[in-house]
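Chains, contacts and geometry: an overview
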Amino acid sequence: MELRQLQYFVTVAQHGSFTRAAQLLHLSQPGVSSQIRQLERELGHPLFDRSGRTVRLTPVGEAVLPHARAALAAAAAARRTAQEFGGLRRGHVRLGMVAGAALTPPAELGTFPGLATTLAAFRQEHPGIDFSLTEDTTARMLDALRDGRLDLAVVGLPAPASGREGDDGWSALTGLALHTVLEVPLVAACASEHPLAAGTGPGSADSPGSGSDSGAGVPGAGGSALPVAELAGHALVSTPRGTGLRTALECALAEAGVDPAVGVEAAAPPQLAELAAHGLGVAVLPDPGPLPGLRVRPLTGPVPRVRIALTWPTGQPASPPTAALVAHLRRAYPGPAAAPAPAPVQAPAGTAAPSAMCSSAAAPSSTSRSSGK
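All of the points below concern the structure found in this document. All values reported here derive from a predicted model rather than from experimental measurement. (Residues numbered from 1 in each chain as written. Predicted model: local features only at pLDDT ≥ 70, side-chain atom pairs only at ≥ 80, totals over all residues. Heavy atoms only, no water.)

1. Remarks on helix H9 (residues 320-332)
This is how it is decided: Secondary structure elements follow DSSP: runs of H or I no shorter than four residues count as helices, runs of E no shorter than two count as strands, and numbering proceeds from the N terminus. The span you would expect from a helix comes to 1.5 Å times its residue count less one. Only protein chains enter the accessibility calculation, which uses a 1.4 Å probe. A residue is then buried if its area is under 20% of the maximum for its type, exposed if over 50%, and partly exposed in between.
Taking 1.5 Å as the rise per residue, H9 with 13 residues should run 18 Å; its terminal C-alpha atoms sit 18 Å apart, in good agreement. For H9, the set of buried residues is Pro320, Pro321, Thr322, Ala323, Ala324, Leu325, Val326, Ala327, His328, Leu329 and Arg330.

2. Side note on the pattern of salt bridges
In plain terms, the rule: A side-chain nitrogen of Lys or Arg and a carboxyl oxygen of Asp or Glu constitute a salt bridge if their distance falls within 4 Å.
In the structure shown here, the tally under the stated rule is twelve salt bridges. Among the ionic pairs, arginine 94 bridges to aspartate 151, the shortest N-O distance being 2.9 Å. Taken together, the residues span a long stretch of sequence, with arginine 94 in strand E3 (residues 91-98) and aspartate 151 in the loop between helix H6 (138-147) and strand E5 (152-158) at a distance of 57 residues. Salt-bridge contacts for glutamate 265 lead to arginine 246; the nearest nitrogen and oxygen are separated by 2.9 Å. On the criterion of sequence distance, the pair formed by glutamate 265 in strand E9 (residues 262-265) and arginine 246 in helix H7 (residues 244-255) is long-range, its members being 19 residues apart. The partly exposed category is assigned to glutamate 265, whose relative accessible area is 45%. Judged by its relative accessible area of 5%, arginine 246 falls in the buried class.

3. What about unusual backbone geometry?
Between glycine 301 and the following residue, proline 302, the backbone shows a cis peptide bond with an omega angle of 0 degrees. Here proline 302 is to be found in the loop between strand E11 (294-300) and strand E12 (305-313).

4. Brief notes about the environment of leucine 226
When you line up the elements, leucine 226 lands in strand E7 (residues 226-227). C-alpha separation for the pair leucine 226 and threonine 300, spaced 74 residues apart in sequence, amounts to 5.9 Å.

5. Some remarks on the nonpolar core
Note the cut-off: Residue types Ala, Val, Leu, Ile, Met, Phe, Trp, Tyr and Cys, when buried and joined through side-chain atoms within 4.5 Å, form a set referred to as a nonpolar core.
By size, the foremost hydrophobic cluster in this structure holds 52 residues, and its most contacted members are Leu152, Leu231, Leu285 and Leu310. Membership of the second largest hydrophobic core comes to 18 residues, among which are Tyr8, Val10, Ala21 and Leu72.

6. With respect to the pairing of E12
Filter applied, for reference: Strands qualify as paired when DSSP identifies two bridges or more between them.
Along E12, seven of the nine residues are buried, which leaves the element largely enclosed by surrounding structure. When E5 meets E12, the two strands line up antiparallel, connected through six bridges. For alanine 153, the partnering residue across the bridge sits in E12 and is threonine 311. Pairing of strand E6 (residues 176-191) with E12 involves nine bridges; the strand directions are antiparallel. Each residue of the ladder has a partner; that of histidine 179, found in E12, is leucine 310.

Structural data, given as structure tokens:
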């Protein structure tokens, strides 16, 4: 049997779909099916029950799966061990980022360089280390970290997410180091003629700089605070399921006893704001800043918050290039001083003490912008 066959088997088992596995592996579905059938012939047993709409493991498949995962982990460890002999002279880091990321800090935190600037500085120190950058949703990147397809990722999470049992459903964080780099509240944004715009005042996004004491502690948001429960019955604009922003919204709606009614989905907050300004619904997102035709109100009862974090697997030591990049990111970006640590962070070997702030390739800005995906 071959390692790639085991990788295909583990991916199909995790996602319950040959089609989805092929997409994640960047292969054709018939190619994945063919390789798994070869593996089944070699083992002498079917590994999957293909009779239903969802692919399920057979009893033999369930017994083989832990061994397949162990074999893949051992192969990855062997590659890392060999790489360590080269130190930091060469290497490759696979970095994931929330799709459409635009992470710059709120004005009160100052201005930080974008990720491209930070990576360029790292590359000057370590010219032999290459990068591959992948944009995806948080949920899929967490899977990729677990499967060994990513080395580290910048993810968006609902603020309470910690990986501890019962936090708010993000149990997939178990086994991952989670380092908070930024936490921002979400606001409601709608067109000026929308019924929910009535509570906005001179501090709305159309009147930047006027200020308001009714923003419930949300920088940049104007007008009176809007209870989350009042979103009931209104079409909402949000990012797709599997993103931290969407999860934070759904958690807040559930706490307020409101069923979500997301009518339009878009990949990134700037798109959400533009759609809302054109009357397609109420966008719930980090404060988008001034935009013609858009009214912004802080949310309350509860205030949904989204956390941006750097995360990587803790099951085995990180490769020297990955550990060096994590340490570089921590040195480059000061994180929120009062951010509560969601769980003890197990740093990869060779990293520096936490300091924290991961930004995207967006140009530095003094306004609050966060993908939260």
